[in-house]
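As a plain string of letters, each chain reads:
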Amino acid sequence: MTSSVVSNETYVILGASGNTGSIVANFLLSKGMKVRVVGRDAGRLQRFVDKGAEAFTTNLSDTAALIKAFSGARAAYLLLPPAKSREEQERDSDGIAKAVKESDLRYAVHLSSYGAQVPEGTGPVSGLHSSEQKLNAVEGLNVLHLRAAYFMENNLAAIGMIHGMGLVGNALLPGLKIPMAATRDVGDYAAQRLLHLDFSGKQTRELLGERDLSMTEATAVIARGIGKPDLRYEQLPYDQVQQALTQLGVPPKGAAMYIEMYKSINAGVLVPLEPRSPDNTTPTSFETFVQDVFAAAYRGKAPSA
């Protein structure tokens, strides 16, 4: 019966309705912690409120509201929302860093990306480099930057293409091996570190997934998982991918940013710093991800005419 001991320990979770934030919020709630979930949409936070969380609705660029959200918290899970432009990323990371400083927050786990050591030319990852720098400048903050691999969930964007064109297409080189991680593993890792607060100063930890995979290899796993043995990967021209992104509703500046990221991956600029080790390897294999997540999403989507 530890509830009385932890009752005043509030954890603040940004992006709580997202892939990683939801894992962090649910884990801490399951441990009997006080959790304050922050997001733009109260409706999407309701499932955490049902489990005892306190909801706080605000935009990340609203520094005054964020200061309130962080006030009295023991620790926070910080992230930038999906990037629409570099300008917006800078605005969000300014707001977060300022609120962290003003609220005197002591501990934070910050979702970053592998390759965030590179200052510019890496699309949205440049924005995470900048966000890391801003948090590192906050005196008295103990922060752990989680430099996560390319999310396996990014491959879900190919489902429409598989239904419509019978192939997986992307801007990445077919044979280039990159680290791919399941978002649930990243969320699990963040949640454990927040629970134990076993870090101090400014630290980074790469999370490189279960193994490195090329898009050709990933497509072969998808092919087996959805029973389409002839499914193949095709590298598409950058302008075609950029056009496809804008058709999916990504703002033009955002689409251009993602193209810059793909180019930096293909050029070997956006790479991990650490050699793979038990410490930076996460459990979920791409096979498990396809079985648990991808195949279900693929079958749940009606084939487009």
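Fair warning: this is a prediction, and the values are worked out from it, not measured in the lab.

Right, let's talk about the overall build of the protein chain for a bit. Counting secondary structure elements, the protein chain contains 12 helices and 12 strands. Its C-alpha atoms give the protein chain a radius of gyration of 19 Å, within 12% of the compact-globule value 19 Å for 305 residues. For the C-alpha atoms alone, the extent of the protein chain along its principal axes is close to 60 × 40 × 40 Å. The buried share among the 305 residues of the protein chain stands at 51%. A fraction of 78% describes how many contacts in the protein chain between residues 6 or more apart in sequence connect residues 24 or more apart. Accessible surface for the protein chain amounts to roughly 13600 Å². Of this, 52% is attributable to carbon and sulfur atoms.

A few words now on the pattern of salt bridges. Counted under the stated rule, the structure contains 17 salt bridges. With a closest N to O distance of 2.7 Å, Asp212 and Arg276 form a salt bridge. Of this pair, Asp212 sits in strand β11 (residues 212-213) while Arg276 sits in the loop between α11 (252-266) and α12 (286-300), and the two are 64 residues apart along the sequence. Judged by relative accessible area, Asp212 falls into the partly exposed class, the value being 30%. Under the relative-accessibility criterion, Arg276 is labelled partly exposed at 35%. Several salt bridges share partner residues, and in doing so they unite Arg86, Glu90, Asp94 and Lys134 into one network.

This brings us to the confidence of the model for the protein chain. On average, residues of the protein chain score 94 in pLDDT, and 96% of them are at 70 or above. Note that residues 1-7 has pLDDT below 50 and, in this model, 3 contacts with residues that lie over four places away or in other chains.

Within the open sheet, the 7 strands sit side by side as β3-β2-β1-β4-β5-β6-β10. Their pairing is parallel. Looking at which strands have only one partner, the edges of the open sheet turn out to be β3 (54-57) and β10 (202-207). The sheet shows a mean angle of 20° between the axes of neighbouring strands, direction not considered. Pairing analysis gives 7 bridges linking strand β5 (residues 107-113) to strand β6 (residues 142-148), with the strands arranged parallel.

Grouped together as the largest cluster of nonpolar side chains are 38 residues, with contacts concentrated most on Met180, Phe286 and Phe294. Listed by contribution, the elements that provide at least two residues to this core are α7 (159-165), β9 (178-181), α9 (215-225), α10 (238-247), α11 and α12. Broken down by element, this core gets its largest block of residues, 6 residues, from α12. In this view, Phe294 contacts Asn155, Leu156, Ile159, Ile162, Ile222, Ile226 and Phe289; residues no more than four positions away in its chain are not counted. With 33 residues, the next largest nonpolar core counts Val35, Ala53, Tyr77 and Leu207 among its residues.

Our next topic: the packing of helix α4 (residues 63-70) against helix α5 (residues 86-103). To describe two helices that pack against each other, one gives the angle between their axes and the distance between the axes. Running from N to C, α4 and α5 cross one another at 45°; their axes reach a closest spacing of 8 Å. Viewed along their axes, α4 and α5 adopt a mutual orientation that is oblique. Once α4 is placed against α5, the crossing between them reads as right-handed. Contact residues: Thr63, Leu66, Ile67 and Phe70 in α4; Gly95, Ile96, Lys98, Ala99, Val100, Glu102 and Ser103 in α5. The residue makeup of the contact of α4 with α5, split by class, is 6 nonpolar, 3 polar and 2 charged.

In this section: the pairing of β6. Of all the 7 residues making up β6, 7 are buried; the element is thus mostly covered by neighbouring parts of the structure. Neither face of β6 is left uncovered, since the one carrying Asn142, Leu144, Leu146 and Ala148 and the one carrying Val143, His145 and Arg147 both have all their residues buried. Regarding topology, helix α6 (residues 124-136) serves as the crossover connection from β5 to the parallel β6, and that connection is right-handed. Examined bridge by bridge, β6 and β10 share 6 bridges and lie parallel to one another.

Time to look at a positive patch on the surface. A cluster of basic side chains, namely Arg40, Arg44, Arg47, Lys51 and Lys84, defines a positive patch on the protein surface. When you line up the elements, Lys84 lands in the loop between β4 (73-78) and α5.

A few words on the packing of aromatic side chains. Considering all chains together, one arrives at 2 aromatic pairs under this definition. When the ring of Tyr107 is compared with that of Phe199, the centres are 5.6 Å apart and the planes differ by 85°; the resulting orientation is edge-to-face. Of this pair, Tyr107 sits in strand β5 while Phe199 sits in the loop between α8 (183-196) and β10, and the two are 92 residues apart along the sequence. For Tyr107, a relative accessible area of 22% gives the class partly exposed. By relative accessible area, Phe199 is classed as buried at 3%. Note on Phe286 and Phe289: the rings are 5.6 Å apart at their centroids and 35° apart in plane angle, and the pair reads as tilted.

Secondary-structure assignment places Ala256 in helix α11. The class for Ala256 is partly exposed, based on a relative accessible area of 33%. Between the alpha carbons of Ala256 and Leu173 there is a distance of 18 Å; along the sequence they are 83 residues apart.

Rules behind the numbers
Residues numbered from 1 in each chain as written. Predicted model: local features only at pLDDT ≥ 70, side-chain atom pairs only at ≥ 80, totals over all residues. Heavy atoms only, no water. Helix = DSSP H or I, 4+ residues; strand = E, 2+ residues; numbered from the N terminus. Rg over C-alpha atoms; globule rule 2.2 N^0.38 Å. Buried < 20%, exposed > 50% of the residue type's maximum accessible area, 1.4 Å probe, protein only. Contact = heavy atoms within 4.5 Å. Areas by Shrake-Rupley, 256 points an atom, 1.4 Å probe, with all protein chains shown as cover. Salt bridge = Lys/Arg side-chain N within 4 Å of Asp/Glu carboxyl O. pLDDT = per-residue confidence, 0-100. Pairing = 2+ DSSP bridges. Axes fitted to C-alpha atoms, helices over the stretch in contact; angles between N-to-C directions. Core = buried A, V, L, I, M, F, W, Y, C linked by side-chain atoms within 4.5 Å. Parallel < 35°, antiparallel > 145°, perpendicular 65-115°, else oblique. Left-handed = near helix turned anticlockwise from the far one by under 90°. Nonpolar A, V, L, I, M, F, W, Y, C, P; charged D, E, K, R; others polar. Right-handed = clockwise from strand over helix to strand, strands pointing away. Patch = residues over 30% accessible without salt bridge, like charges linked within 9 Å, V, L, I, M, F, W, Y side chains within 5 Å. Lys, Arg positive; Asp, Glu negative; His and termini not counted. Charge placed at Lys NZ, Arg CZ, Asp CG, Glu CD. Phe/Tyr/Trp six-rings, centres within 6.5 Å; stacked < 30°, edge-to-face > 60°.

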